Each structure stands twice: as structure tokens, then as C-alpha cells.
Amino acid sequence: MADPLVIKICGIKTPDILETAIEAGADMVGFMHFQRSPRHASVEQIADLISQARGRIETCVVLVNPDNSCVAEIAALGPDWIQLHGPETPHRVEAIRAEAGVEIMKALPIGSAEDVAHIADFIDVADRILVDAKPPKGADRPGGLGETFDWTLLKALDPSVPFMLSGGLTPQSVADAIKTVRPFGVDVSSGVESAPGVKDKRLIEAFMRNARAAG
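Criteria and cut-off values
Residues numbered from 1 in each chain as written. Predicted model: local features only at pLDDT ≥ 70, side-chain atom pairs only at ≥ 80, totals over all residues. Heavy atoms only, no water. Helix = DSSP H or I, 4+ residues; strand = E, 2+ residues; numbered from the N terminus. Rg over C-alpha atoms; globule rule 2.2 N^0.38 Å. Buried < 20%, exposed > 50% of the residue type's maximum accessible area, 1.4 Å probe, protein only. Contact = heavy atoms within 4.5 Å. Polar contact = N/O pair within 3.5 Å; in protein donor to acceptor, adjacent residues only side chain to side chain. Salt bridge = Lys/Arg side-chain N within 4 Å of Asp/Glu carboxyl O.

(A) Summary view of the overall build of the protein. Across its full length, the protein holds seven helices and ten strands. For 215 residues, the compact-globule estimate of 2.2 N^0.38 gives 17 Å, and the protein sits close to it at 16 Å. Here the C-alpha coordinates of the protein stretch approximately 40 × 40 × 40 Å along the principal axes. Among the 215 residues that make up the protein, the fraction classed as buried is 52%. Here the analysis covers contacts within the protein between residues at least 6 apart in sequence; of these, 54% occur between residues at least 24 apart.

Structural data, given as C-alpha cells:
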């Protein structure tokens, strides 16, 4: 029997949407701490959301190339995970993991075979790998852009490497993504929104239903 699919709803910033994700049966929720994102939440908001979620669902705070003081401030809130979604090197990921004392998920942008080859550099320094679509040149942020990538590139990845899939997933595409790519988890943000940063309860519920049916 395969392990059940891990489903993460990312970019949550309100208590009611957090409740929706929990009630719909998500495994993880993500909170974005990055000013340029329409999903940005303050440290105070994230602290409240983590308190609301504790013991009910795993929490993950997304940071982009954070400095040490930011890492310490977020780690002190007690999330289950910190997700690094910037250009962090393997050495930096390892240092943050040691300093934070929190499990680390590293998001890696995929746009070419070379990007897939780089995943190996992070396997030993991160607790979990998340593959995402590579942002277009000139994009003002590294993710949450609603873009997919060529999933066939992942065929080159060592099949023993578990990873979560992100990048443009929607309630309509998630079943196909799961069957095609066979990730151990999926991560959605913009695909369950009615406008940038505005999560939609019905879309979250539809995403969860379709992902569970496929997983």
C-alpha cells in the first residue's frame, strides 16, 4: 500500500480559510512571509494562524532568501516546517536547518534538464524537496505565479527521491498531475484563488476532492 498523498494548501492568510483547509482534510498549510507576494502575512498574523492550527494540521512558513534574524523570528513561532523559496545554496539551506531547528522544505524551480540535475545537491541538506515551475525572466517573485512546467523533465530524477509537486496546479489539473508525475505530495496556492491572494473555499474543497481521488 502506497503512503497517502500529502496535500498542502499554501498562501493562507485568514483564519476562516485556514479552517476551510483543515475541514477539507489538507495535510499541511503554508503561510507566506515575503513582502512582494499578494499572499504575504505579517509575523503577528502567522503567529495567530500557527496557534489556530497547532495540533490539527502541519504548518509551514515560506521564506525567500531570509537573513538569520528573519529565520530566528519565524522559528520562534514554532511552525512544523520552514520552506525556502529563494536562491538559497545547499550550504545556506544546511545552515538555516541547523540554526532554526525546524524541518526544512526546499523549493527548486524546474525549467530544464539542468535544473532537475541540481535537485541532487539539496537531498541531504533539506528534509523535503518541492519542485516548482521556474519563474519567467523578470518575475518579481519566485513562485505563486500559476505556471506549470514540463513534467516529463522529472523522468530524469532518481526514482528513489521523494518530492512534492507545485506550479500551476488547479482542481482541474491535479488528478492528471498526480497520475503523470507520481509525487508523494502536491502543493497549491494560486490555483485555489478567485483573485491574487484571495483563497476560494469551493476551489479548495474541489482541489482536495480531486487530489484525494487521484492519490
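(B) Layout of the side chain of histidine 40. As for its placement among the helices and strands, histidine 40 is situated in the loop between strand 2 (28-32) and helix 2 (43-53). Not counting residues within four places of it along the chain, the set of residues in contact with histidine 40 comprises Lys13, Met32, His33, Phe34, Gln35 and Gln45.

(C) View of the environment of lysine 134. Residue position: lysine 134 is located in the loop between strand 6 (128-133) and strand 7 (164-165). Put simply, lysine 134 and arginine 182 are 48 residues apart on the chain and 20 Å apart in space, counted from C-alpha to C-alpha. Among the polar contacts listed, one links the side chain of lysine 134 to the side chain of aspartate 115, at a separation of 3.0 Å.

(D) Local environment of the pattern of salt bridges. For the structure shown, the criterion picks out nine salt bridges. The closest approach of N and O atoms between aspartate 27 and arginine 212, which form a salt bridge, is 2.8 Å. Of the two residues, aspartate 27 is situated in the loop between helix 1 (15-24) and strand 2 and arginine 212 in helix 7 (residues 201-214); the sequence distance between them amounts to 185 residues. Residue arginine 212 is classed as partly exposed on the basis of its relative accessible area of 36%. Across the salt bridge formed by lysine 199 and glutamate 193, the nearest N and O atoms sit 2.5 Å from each other.

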